[in-house]
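Summary of structural features
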Amino acid sequence: MNPLVEFCISNLAMGSQETYDVLENDPNIDVLEYGCLSYCSRCAEKLYALVNGDIVEADTPEELTKKIYQHIEENPLF
């Protein structure tokens with residue numbers, strides 16, 4: 001079972017699309033996008049994604065990608 005990373009389409013438009021593209025090309029991660037993840041105030045302020053249900057946020061796409069990989073490493077599914 002691969003880690004699941006979920007993105008809000010509005011946050012993708014705010015800049016997390018770069019992170020989405022990187023993760024989408026990683027065969028060891030499942031990536032989904034939704035119309036809304038119901039974190040609107042957070043979505044308006046920072047780039048973020050849900051990683052196995054946990055919020056991971058950052059100021060830049062590069063930082064978000066790094067933090068997502070770090071979160072996955074520190075919180076294995078098994």
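Residues numbered from 1 in each chain as written. Predicted model: local features only at pLDDT ≥ 70, side-chain atom pairs only at ≥ 80, totals over all residues. Heavy atoms only, no water.

Per an unreviewed UniProt entry, the chain goes by YuzB family protein and derives from Ureibacillus suwonensis.

1. Some thoughts on the nonpolar core
Counting 15 residues, the largest nonpolar core has Val 5, Phe 7, Leu 23, Leu 64 and Ile 68 as its most contacted members. If you list the elements that add at least two residues to this core, you get strand E1 (4–8), helix H1 (9–24), strand E3 (47–51), strand E4 (54–58) and helix H3 (61–74). Discounting residues that sit within four places of it in the chain, Ile 68 has contacts with Val 5, Phe 7, Thr 19, Leu 23, Ala 49, Val 51 and Val 56. Core analysis: the next-biggest nonpolar cluster, separate from the first, contains five residues, Cys 8, Leu 37, Tyr 48 and Leu 50 among them. (Core = buried A, V, L, I, M, F, W, Y, C linked by side-chain atoms within 4.5 Å. Buried < 20%, exposed > 50% of the residue type's maximum accessible area, 1.4 Å probe, protein only. Helix = DSSP H or I, 4+ residues; strand = E, 2+ residues; numbered from the N terminus. Contact = heavy atoms within 4.5 Å.)

2. Describing unusual backbone geometry
Of note in this structure, Ser 38 is not a glycine but carries a positive phi near 65°. Along the chain, Ser 38 turns up in the loop between strand E2 (30–34) and helix H2 (40–45). Positioned with a positive phi, Asn 52 is a non-glycine residue whose angle comes to about 50°. Assignment of secondary structure puts Asn 52 in the loop between E3 and E4.

3. Some words on the packing of H1 against H3
Packing of H1 against H3 leaves a shortest axis separation of 8 Å and a crossing angle of 45°. By the criterion of interaxial angle, the relationship of H1 to H3 is oblique. Considering only the axes of H1 and H3, their crossing is right-handed. For the pair formed by H1 and H3, the contact residues are Gly 15, Ser 16, Glu 18, Thr 19, Val 22 and Leu 23 on the first element and Pro 61, Glu 62, Leu 64, Thr 65, Ile 68 and Tyr 69 on the second. Here the residues of the contact of H1 with H3 are counted per class, giving six nonpolar, four polar and two charged. (Axes fitted to C-alpha atoms, helices over the stretch in contact; angles between N-to-C directions. Parallel < 35°, antiparallel > 145°, perpendicular 65-115°, else oblique. Left-handed = near helix turned anticlockwise from the far one by under 90°. Nonpolar A, V, L, I, M, F, W, Y, C, P; charged D, E, K, R; others polar.)

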